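Take a look at the letters that make up each chain.
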Amino acid sequence: MIHLSDKNSKIDAVIELTRSKSESNRALILKTLLKDSIHINNLSDSDDTKALMEALNEYQDSDEINVGHAGTTFRFLTAFLAIQPAGSWILTGSERMKERPIKVMVDALRIMGAKIEYLGKDGFPPLKIQGTSFISNEVSIDAGVSSQYISALMMVGTNIQGGLKIRLDGKITSLPYLMMTFSMMEELGVGVSIDLEEQLITIEEKRKVANQVVNIEGDWSAASYWYSLVALGEIGSQIKLLGLNQTSRQGDARIKSYFEQLGVESSFDVGTWTLTKISEPELKLLQLDLSDTPDVAQTLVCACAGLGVGVDFTGLHTLRIKETDRLMALQNELEKFNIRIEVPSNHQLFMKAEQVLSEPKEAIATYKDHRMAMAFAPLAMKAKVAIEHEEVVSKSYPSFWNDLKKVLNVGS
Ligand SMILES: O=C(O)C1=C[C@@H](OP(=O)(O)O)[C@@H](O)[C@H](O)C1
Ligand SMILES: C=C(OP(=O)(O)O)C(=O)O
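The following paragraphs examine the structure supplied in this document. Everything numeric here is computed off the predicted structure, so don't read it as measured data.

With respect to the sheet that holds strand E5 (residues 88–92)
Think of a sheet as strands paired side by side through backbone hydrogen bonds, with each pair either parallel or antiparallel.
Point 1. The four strands lie next to each other as E4-E5-E7-E6, forming an open sheet whose pairing is mixed. A strand with exactly one partner marks an edge of an open sheet, and here the two such strands are strand E4 (64–66) and strand E6 (115–118). Neighbour-to-neighbour, the strand axes of this sheet turn through a mean angle of 20 degrees, independent of strand direction.
Point 2. Contacting E4, E5, E6 and strand E7 (127–130), helix H3 (residues 71–82) runs over the sheet at an angle of about 170 degrees to E5.

Observations regarding the site of ligand 1
Point 1. Neighbouring ligand 1 are the residues Ser22, Thr72, Ser146, Ser147, Gln148, Ser151, Thr173, Ser174, Tyr177, Pro294, Asp295 and Thr318.
Point 2. With three residues, the top contributor of residues to the shell around ligand 1 is helix H5 (residues 147–157).
Point 3. A per-class count over the shell around ligand 1 returns two nonpolar, nine polar and one charged.
Point 4. Both of domain 1 (2–19 + 217–411) and domain 2 (21–215) provide at least three residues apiece to the shell around ligand 1.

Here we look at the sheet that holds strand E11 (residues 200–203)
Point 1. Ordered by their spatial adjacency, four strands build an open sheet running E8-E9-E11-E10, and the pairing between neighbours is mixed. Both outer strands of the open sheet, strand E8 (138–142) and strand E10 (192–195), are each paired with one neighbouring strand and no more. For this sheet, the mean angle separating the axes of adjacent strands, direction not counted, is 15 degrees.
Point 2. Two elements, E10 and E11, share four bridges in a ladder whose sense is antiparallel. For Val192, the partnering residue across the bridge sits in E11 and is Ile203.

Cut-offs used in this document
- Residues numbered from 1 in each chain as written.
- Chains lettered and ligands numbered in written order.
- Predicted model: local features only at pLDDT ≥ 70, side-chain atom pairs only at ≥ 80, totals over all residues.
- Pairing = 2+ DSSP bridges.
- Helix = DSSP H or I, 4+ residues; strand = E, 2+ residues; numbered from the N terminus.
- Axes fitted to C-alpha atoms, helices over the stretch in contact; angles between N-to-C directions.
- Contact = placed C-beta atoms within 7 Å.
- Near = placed C-beta within 6 Å.
- Nonpolar A, V, L, I, M, F, W, Y, C, P; charged D, E, K, R; others polar.
- Domains from an automatic or database assignment.

What follows is the structure, given as structure tokens:
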């Protein structure tokens, strides 16, 4: 359990941001598929990236791989192992991983010729994967459940004889993550095209690249917690974030414009983003479609709860199948602050404006979800907060509590 309280309601801090786990995980898979002549700078030290690194180092000598809670790692490895010319593996994870659906991806891979069986419930991990090189060059996949399935197919397309054409069915969810995969592949010299109108992705076969460097940027999803702190501080509060670029491959860089609506201005100069609170929010209701940026939903709901701003969010259909059911978790834990939210359907969340936040009498539960812990922490600018199982943050941001000491009183 960790206890948080306000240090000084006018914030002034410099934070060296943790590195992107999404970019790191793509870099590791691509480095392995494109035969190692890739140097990665600033790899993330998150649990999820470590799990992938370990799996890629050891898969040739082991027959069971356990990736814990790491969803992206699980999905990327499923496709990676399925196209290995030989070998057989059990791919498993935490109890929660066994509740996160994988059917859409397994169906697509099976149609391509992959040999995958379910060892537990149909449609869910754990999987038994038998590698094969008899893989076809075309596949269609439902694009509305998780973009991770598609990113995984895109990357392994480089190692399929004749390349791969992927047809995307239905509305594409979490699109910026596909674009991140696309740009990282393109930067490495892989022939890749995305036609968003035709919903068609084409990958050319490529098994080797010569001497390339991949620089991993800071994590914009992690930056969202610092935005929230500034938004909840006094006017004039400021945080300088180091490690982010002016233009990013990450869709969550959109938080700049989301938080601008909540009174936080962002400016870039010599490798530093400066976030400054310039006013209290003028708007009563923040209306957003978050289908492109699902990972910042919890941050925004908590920030708005602390500011008395209402919320009308759509595009949240993926939140129920992430590290926890994030819609249910938000509802339960905000209740402890006397803030009510409504979840009228699986993809919507509504919170009335001008609700008054009160000090919670109980600790905030984190549901084994790093983003629950980090999204609720900034509310300590408004009330004393205790957070259970603070260790969950290591999934994406191991140094979070240490960094937070610059802004809040953090005690055990
Ligand atoms: O590809 C990625 O790195 C990710 C894609 C998103 O998942 P979905 O596509 O399942 O929404 C995101 O929520 C996750 O944290 C990371
Ligand atoms: C959803 C997330 O991760 P994953 O799906 O990779 O477990 C996340 O980091 O918020």
